[in-house]
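# A look at the structure
The residues making up each chain are set out below.
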Amino acid sequence: MHPGRDAPELAQTTLTLAASTAGPSLLSLGAGEVRNINPFGRRRSLGLKRLGDTLQVLRLLWTAREPVDFDGEIFKLKDAFIGNAGKDHRPEVIAMGGGPRLTGMALKYADGFGTGAPFVYADSAKYAALVQNHTQTLKELGRADDTFRFALHHIAFITKDKDDFEQYVDNPLVKWYAATGGRINQRDWATEGIEPVMPLDWHYAFHMKPNSMTLDEIKAVTDRVTPEMVRKTFFYGAPDDIAKEIRPFVEAGSTVNLIADFGPILVPAEPQATIEASAEICRLIKQAGPKD
C-alpha cells in the first residue's frame, strides 16, 4: 500500500482504474515494508492494523449502495459513500504476505491470499498443504462458495538457457537480493543446506533500510553470498525451464501466478521481448493445474 494512500482514497482510485479496464483486475495489498513507510513519517508497527481496516473498508465501500459507517482501529467512517459507478466491475483484492494475523485477515475479508515462490515456498508440497488448510478454513468461515484466489509471486530470472544465468551469479545486485530476499524466513536456508547471510531473526519487511546503509555495510553482506544461494533464489533459464519449476505449484493449487522477472534489471532487452517471455511462461503453466 502506498504510504500516502488511505483506504477511502484507495477505494476510489482502484475502482476507477478497474472500471477503465476491459478484463478483470486484481489489487495486491500487504502490511508494508519499513523501507517504504518509515522514511515518509508513517509507522510500520501499524501496518497490520491498517491492512485489516483497509480490507474491510474496500469491501464495504465497493458493495454499499448507500452511505455506511465503519469503526475500525485506524479508519473511522460516518455516512461514507463513493457512489455506485463501476461497482459491478470492482477489483478483487489479494492480501499478500504471511503470518497468522495477516492470513486470518485474508481469509475473512479478501478475495484471495498471496505469497511467493521460491522465496517463501521453495517446496510445492508444502504449498499444497497450505492451500488445503486454507481451503478448509474458508469452509469453516462460510466462504466455501466464494471464488477465492491463491496467488503466487514467482521470482524469475529469464535468460537464453540455464547455463546463461551463470554469468550473473557473482553480480553484487543479484547477491544482495539473494541475501535479503532469497528466503523471507532466514531459517529456511538451513533446510536447503545453506548458511544464511542475515541473522536468523532478520526480516526484510521489518529490518531492511538500504537508504540508511553505507556501501561498506552492503558489501559486507554481498561478499558472503555464494553462487548456490543465488541459484536457489530464482527460477531461472528460458521460459520453458522456468515453467517446469512453476508448474508443480500450479498443480498444488495456485490459481493466480505472477511472474516477477529480475532479469531486465541487468540484462539489456526490448520491453516487448521481456513481456513476451513472461507471457510465454504463463501460457506454459496454464496448461496444467487449476484454471481461473
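On a predicted model such as this, the values are computed, not experimentally measured, just so you know.

## Focus on the pattern of salt bridges
Note that side chains of opposite charge can pair when their charged atoms are close. All chains considered together, the criterion is met by 16 salt bridges. When the shortest N-O distance is used, the salt bridge between Arg 59 and Asp 111 registers 3.4 Å. Taken together, the positions of Arg 59 in helix 3 (residues 47-63) and Asp 111 in the loop between helix 4 (100-109) and strand 5 (112-117) put the pair 52 residues apart, joining distant regions of the chain. Assessed through its relative accessible area of 29%, Arg 59 is described here as partly exposed. You can call Asp 111 buried: its relative accessible area is 8%. Between Asp 111 and Arg 90 there is a salt bridge; the shortest N-O distance is 3.3 Å. Of this pair, Asp 111 sits in the loop between helix 4 and strand 5 while Arg 90 sits in the loop between strand 3 (76-80) and strand 4 (92-96); the two residues are 21 residues apart in sequence, bridging distant segments of the chain.

## Description of unusual backbone geometry
In this structure, the amide linkage connecting Ala 117 to the following residue, Pro 118, adopts the cis form with an omega of -5 degrees. On the secondary structure map, Pro 118 appears in the loop between strand 5 and helix 5 (124-140).

## Focus: the layout of surface pockets
The computed volume of the largest pocket comes to approximately 1500 Å³. For the largest pocket, the lining is made up of 49 residues, of which Glu 33, Gly 97, Ile 184, His 203 and Tyr 204 are closest to its centre. For the lining of the largest pocket, the residue count by class is 24 nonpolar, 19 polar and six charged.

## Section: the packing of aromatic side chains
Inspection of every chain in the model, using the stated rule, returns 13 aromatic pairs. Among the aromatic residues, ring-to-ring pairing joins Phe 157, Phe 165, Tyr 168, Tyr 177, Phe 234, Tyr 236 and Phe 262 into one connected group. Between Lys 162 and the ring centre of Tyr 236, over which it is positioned, the NZ or CZ distance is 3.9 Å. The ring of Trp 189 has Arg 183 lying over it, and the distance from NZ or CZ to the ring centre is 4.7 Å.

The rules behind each value
- Residues numbered from 1 in each chain as written.
- Predicted model: local features only at pLDDT ≥ 70, side-chain atom pairs only at ≥ 80, totals over all residues.
- Heavy atoms only, no water.
- Salt bridge = Lys/Arg side-chain N within 4 Å of Asp/Glu carboxyl O.
- Helix = DSSP H or I, 4+ residues; strand = E, 2+ residues; numbered from the N terminus.
- Buried < 20%, exposed > 50% of the residue type's maximum accessible area, 1.4 Å probe, protein only.
- 1 Å grid on protein atoms, 1.4 Å probe; cavity = no way out; pocket = protein on both sides within 12 Å on 5 of 7 lines; lining within 4 Å.
- Points joined across faces, edges and corners; volume = space filled by probe spheres on them.
- Nonpolar A, V, L, I, M, F, W, Y, C, P; charged D, E, K, R; others polar.
- Phe/Tyr/Trp six-rings, centres within 6.5 Å; stacked < 30°, edge-to-face > 60°.
- Lys NZ or Arg CZ within 6 Å of the ring centre and 35° of its normal.

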